[in-house]
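Notes for the structure review
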Amino acid sequence: MTAFDTCIIGQGLAGATLAWVLHQQGQRVAVVDDNEPSSSSRIAAGLITPVTGKRFVKSDHFDKLVTTAIKFYQTIETETETTFLNQQHSVRLFANKDERELFLKKSLTHFPNAVQVLEKPINETFFETSNGGFEMKQAARLNVPRYLDVSQKFFSEMNVFFESKIDIKKEIELTNNAVRIPKLGLTAERIIFCQGFSGSKNHWFQTVPFDAVKGEVLTVRIPQLNEPRVVHRGIWLAGIGNDLYRLGATYDHEHLDLIPTPSGKEELCARLAEFLRLPFEVINHQAAVRPVIVRRQPVIGFHSQFSQLGYFNGLGSKGSLQAPWYAQLFSKIICKKKELPPEFDVAQYLNFQNKTKNHR
Ligand SMILES: Cc1cc2nc3c(=O)[nH]c(=O)nc-3n(C[C@H](O)[C@H](O)[C@H](O)COP(=O)(O)OP(=O)(O)OC[C@H]3O[C@@H](n4cnc5c(N)ncnc54)[C@H](O)[C@@H]3O)c2cc1C
């Protein structure tokens, strides 16, 4: 058996980021993932957007989270000699005059430094811009699949990455203050489950109340468009090169599966046609489930009865922004350098009376 300090189950945004942070702290880390192509992280657009939603809300603690995220991803880019983070302003177009007025009321007081109102936010030949729009300065975009691929390559080269689907109930053995996964020939002081929405089936943490949301995304070809910025107008349009753009996303709280639907495709196409003046062709269609936990805040920490079992989940629809800050906090708790703030502690949910719709 090979001995590790920490074994991470799940290498999406949560698991990959925690693995890096613990590795940076000098821990011996094993990473296990089944390479599911429709994981939330593999489908995500990786957008970091300061002001979101119809009511123009600046994400809680955005400045602190974005500073940590940018610095972290840049460190990994340097370590792996790759690039996967693009810091570029994004554009938001107003859908109507009411939106514009609400925005103008809030912008000076709520997010004075994050935005810049533009007379001509974008090329009018290509986009419907009659209500104007604004540019977001602190926006960024993480190429999540590339980040996950280079992370996996790095840990594979260290012989600590295991491609495997673990049956959590049958294939993990608890010993005194440690864990073993005989199938992989490894033992570790602790396991941290970073499973995304699959974590809702983890029997040790089954009372954690998910309020997950399925999202569908299209890849469209728009040959005449050349817009490097992400464009938001209820949905987002993000270029990926070679005339291709990703277009998303839908929100479905009912059908928590990975199946792309005709209605999802129809909705996205109709909404794009509202503001794009160019023809487009759909060339791919994907779906995944965002791991949202009811209080809409990530959770970390350990099982109250089995202290060798840890949990990192609930990144919701802001995984790229939130993963580094929460991974760094968790690493300090693992290394006993900090107390876990109760509002982030998974233990608060271990006796939770779960009444949410999508609890399994
Ligand atoms: C359509 C859509 C668009 C999105 N857009 C954005 C965006 O623009 N910006 C943003 O920041 N966020 C976005 N998100 C949200 C983001 O994807 C999530 O916050 C994030 O990916 C969650 O990461 P995770 O690691 O917790 O979970 P996951 O990505 O689900 O990763 C969990 C991993 O663990 C593996 N796993 C689970 N159980 C096991 C097991 N038993 N054995 C082995 N492996 C296992 C899974 O296969 C998976 O690889 C979007 C999500 C969706 C669905």
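Keep in mind that this is a model prediction, so the values were computed, not measured.

So, the nonpolar core
Ranked by internal contacts, the top residues of the largest apolar core, which has 80 residues, are Tyr73, Tyr147, Phe193 and Phe312. Element by element, the count of residues in this core is highest for helix 8 (residues 319-334), at nine residues. If you count residues domain by domain, this core takes at least three from each of domain 1 (2-43 + 145-209 + 294-349) and domain 2 (88-141 + 211-290). With 20 residues, the next largest nonpolar core counts Leu93, Leu225, Val231 and Cys269 among its residues.

Here we look at the side chain of Ser151
Summarising the element assignment, Ser151 is placed in helix 5 (residues 144-157). Take Ser151: its relative accessible area is 0%, and that puts it in the buried class. Aside from chain neighbours lying at most four places away, what touches Ser151 is Gln11, Ala16 and Trp20.

As for the sheet that holds strand 6 (residues 85-86)
Whenever strands of a sheet pair, they do so through backbone hydrogen bonds, lying parallel or antiparallel. Across the sheet, three strands lie side by side as 3-10-6; this open sheet has antiparallel pairing. The outermost strands of the open sheet, each flanked by one partner alone, are strand 3 (47-48) and strand 6. Sheet topology note: the strand 6/strand 10 (residues 140-142) ladder contains two bridges and is antiparallel. Paired with Asn86 across the two strands is Arg141, which belongs to strand 10.

Topic: the site of the ligand
Every one of the 35 residues lining the ligand counts as a neighbour, but Asp33, Asp34, Ser41, Ile166 and Gly316 are closest to it. Note that an oxygen atom of the ligand is positioned 2.9 Å from one of the side-chain N or O atoms of Ser40. For the ligand, a nitrogen atom lies 3.1 Å from a polar atom in the backbone of Ser317. Going through the elements one at a time, helix 1 (13-24), helix 2 (40-43), strand 15 (213-221), strand 19 (281-290) and helix 8 are the ones with two or more residues in the shell around the ligand. Of the residues belonging to the shell around the ligand, the class tally is 13 nonpolar, 16 polar and six charged. Three or more residues apiece are contributed to the shell around the ligand by two domains, here domain 1 (2-43 + 145-209 + 294-349) and domain 2 (88-141 + 211-290).

Points about the packing of helix 3 (residues 62-80) against helix 8
Two measures define how a pair of helices packs: the angle their axes make with one another and the distance between the axes. Look at helix 3 against helix 8: their axes get within 8 Å of each other, and the N-to-C directions meet at 85°. Relative to helix 8, the element helix 3 lies roughly perpendicular. Every residue of helix 8 that contacts helix 3 at Phe62, Lys64, Leu65, Val66, Thr68, Ala69, Phe72 and Tyr73 is listed here: Gly319, Ser320, Leu321, Gln322, Ala323, Pro324, Trp325, Tyr326 and Gln328. For the contact of helix 3 with helix 8, a count of residues per class yields 11 nonpolar, five polar and one charged.

The rules behind each value
- Residues numbered from 1 in each chain as written.
- Predicted model: local features only at pLDDT ≥ 70, side-chain atom pairs only at ≥ 80, totals over all residues.
- Heavy atoms only, no water.
- Core = buried A, V, L, I, M, F, W, Y, C linked by side-chain atoms within 4.5 Å.
- Buried < 20%, exposed > 50% of the residue type's maximum accessible area, 1.4 Å probe, protein only.
- Helix = DSSP H or I, 4+ residues; strand = E, 2+ residues; numbered from the N terminus.
- Domains from an automatic or database assignment.
- Contact = heavy atoms within 4.5 Å.
- Pairing = 2+ DSSP bridges.
- Near = heavy atom within 4 Å.
- Polar contact = N/O pair within 3.5 Å; in protein donor to acceptor, adjacent residues only side chain to side chain.
- Nonpolar A, V, L, I, M, F, W, Y, C, P; charged D, E, K, R; others polar.
- Axes fitted to C-alpha atoms, helices over the stretch in contact; angles between N-to-C directions.
- Parallel < 35°, antiparallel > 145°, perpendicular 65-115°, else oblique.

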